[in-house]
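Per-entry structural report
If you want the building blocks of each chain, they are given just below.
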Amino acid sequence: MEAADFMPSAAVIAGIRRGIEDYEAKRASAQRQVRWRVPVFVGLAVVFVALVAWLFNAAADPHEQWLSTPHVFLYLGGMVAAMLVYFRALWPATQLQQSFRDTLLPMIFGFVRDVRYQHGVRPNSFDRMPRETVGAFSRQSFDDIISGRYEDFPFELYEAKLWEGSGKSETVAFKGVIVAFETIEPFPGTLVAARKAGKVTHFFRGMFASKMQELSSGVEDLDATYEFRTDNVEAAQPLVTGRTAQALAWLRETWPYDQARVALSGSDGFLLMPRSKNFFELPDITQPIDYNMHVAPMITDLGAMLATAALVRKIGARDEAAE
């Protein structure tokens, strides 16, 4: 498919441009608010914490060290309070951008039927995704979620970050876009094409994959980078050596960011496309929005992802159904 296949009509584009003009008028106001709110809010927070610290020190034992436990808690509490106040100061800009996305995203994806946009909620399909696709994680967050019907199948597309730990010990299992879709025909079991695991990741994935057997596609390059696992070898082997290998080889050429992953489980299919950048990110409040630079690429990228999902969902279909 060409990018033009996903472009909205001239009337819709005109509506988007009017929305951008309205946003730009409000953006100037929000930018002015943020410009004075940040120094005032953060400055007041710093003054308050300094005052509390002075009173605390005045009442404390003069022989007590300034890095004693009570002092450390005070300083940490002050840092947390300053961060909360800072984000509160940014609220006019944050609220404006989110409100604009709530209106913009359903509008620009006119090629999707029954389109629905959500933000920051748990996607309905997430709990059905085989955990062997990503390995172990204990924390997750979700950003933009778009659902609807593309061609003849329902889908749910969302940004997700799955990880364990925090700070320097944080281990990211996946960050990017997940497309969940209905397969043409149910796969009798679970089939996963995941990133080749290192020793540690392999151990934790094994906790999930104890009943899963590893397969080979017979393609040297793919077997060097992918792990194929299933709980139904008989049904999976023809797919792994056939359409799955073909689809993954094509994905490696068309998705330049990182290694895509695929999973089939019953009537559910999942396409995981890693990307470090926020997919539906709008420019900072200090930067104007341009349709050609910021909006049109979103439409093209989403259309390409759904076209890829349409290809991947044919993996488990009979030849006559896949055509």
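Residue positions are counted from 1 within each chain, in the order its sequence is given. Note on the predicted model: pLDDT of at least 70 is required for a residue's local features to be given, and 80 or more for side-chain atom pairs to be given and counted; whole-chain, interface and lining totals, by contrast, use all residues. Side-chain metrics rest on all non-hydrogen atoms present in the structure, leaving aside hydrogens and water.

1. Some details on the overall build of the protein chain
Short version of the rule: For the purposes of this entry, the term helix denotes a DSSP run of H or I that reaches at least four residues, the term strand denotes a run of E that reaches at least two, and both are numbered from the N terminus. Any residue under 20% of the maximum accessible area for its type is buried, any over 50% is exposed, and the rest in between are partly exposed; the area is computed with a 1.4 Å probe on protein chains only. Contacts: residue pairs with any heavy atoms within 4.5 Å of one another. Accessible areas in this description were obtained via Shrake-Rupley with a 1.4 Å probe; residue shielding takes into account the shown protein chains only.
Scanning the protein chain from N- to C-terminus turns up 9 helices and 7 strands. For the protein chain, the residues scored as buried account for 44% of the 323 residues in total. In the protein chain, 69% of the contacts between residues at least 6 apart in sequence involve partners at least 24 apart. In the structure as shown, the protein chain presents an accessible area of about 17100 Å², 57% of it carried by carbon and sulfur atoms.

2. Structural notes on the side chain of R275
Structurally, the position occupied by R275 is in the loop between β7 (261-274) and α8 (291-312). By relative accessible area, which is 14% here, R275 ends up buried. Here R275 is in contact with K175, G176, W255, Y257 and D301, once residues within four sequence places are set aside.

3. Here's the deal with the pairing of strand β3 (residues 153-164)
For clarity, the threshold we go by: Here, strands pair whenever DSSP counts at least two bridges between them.
In terms of burial, β3 is a largely internal element, 9 of the 12 residues being buried. The sheet contact formed by strand β2 (residues 139-150) and β3 spans 10 bridges and is antiparallel. Bridge assignment links Q140 to a residue of β3, and that residue is L162. The hairpin turn running from β2 into β3, its antiparallel successor, is 2 residues long, and E151 in that turn takes a positive phi close to 55 degrees. Relative to strand β4 (residues 171-195), β3 runs antiparallel, the two sharing 10 bridges. When the sheet's bridge partners are listed, A160 is paired in β4 with G176.

4. Some details on the environment of P256
Checked against the element boundaries, P256 lands in the loop between α7 (243-254) and β7. Spatially, the C-alpha atom of P256 lies 9.9 Å from that of M273, the residues being 17 residues apart in sequence.

5. Quick notes on the nonpolar core
Here is the rule: Side-chain atoms within 4.5 Å link the members of a nonpolar core, which is a set of buried Ala, Val, Leu, Ile, Met, Phe, Trp, Tyr and Cys residues.
I108, F109, F155, L157, L271, F280 and V295 are the most contacted members of the largest nonpolar core, which has 63 residues in total. In terms of residues, this core owes the most to one element, α8, which gives 11 residues. Ignoring sequence-local partners within four residues, the contact set of F280 consists of R101, L105, F109, D144, I146, L157, E159, M298 and L302.

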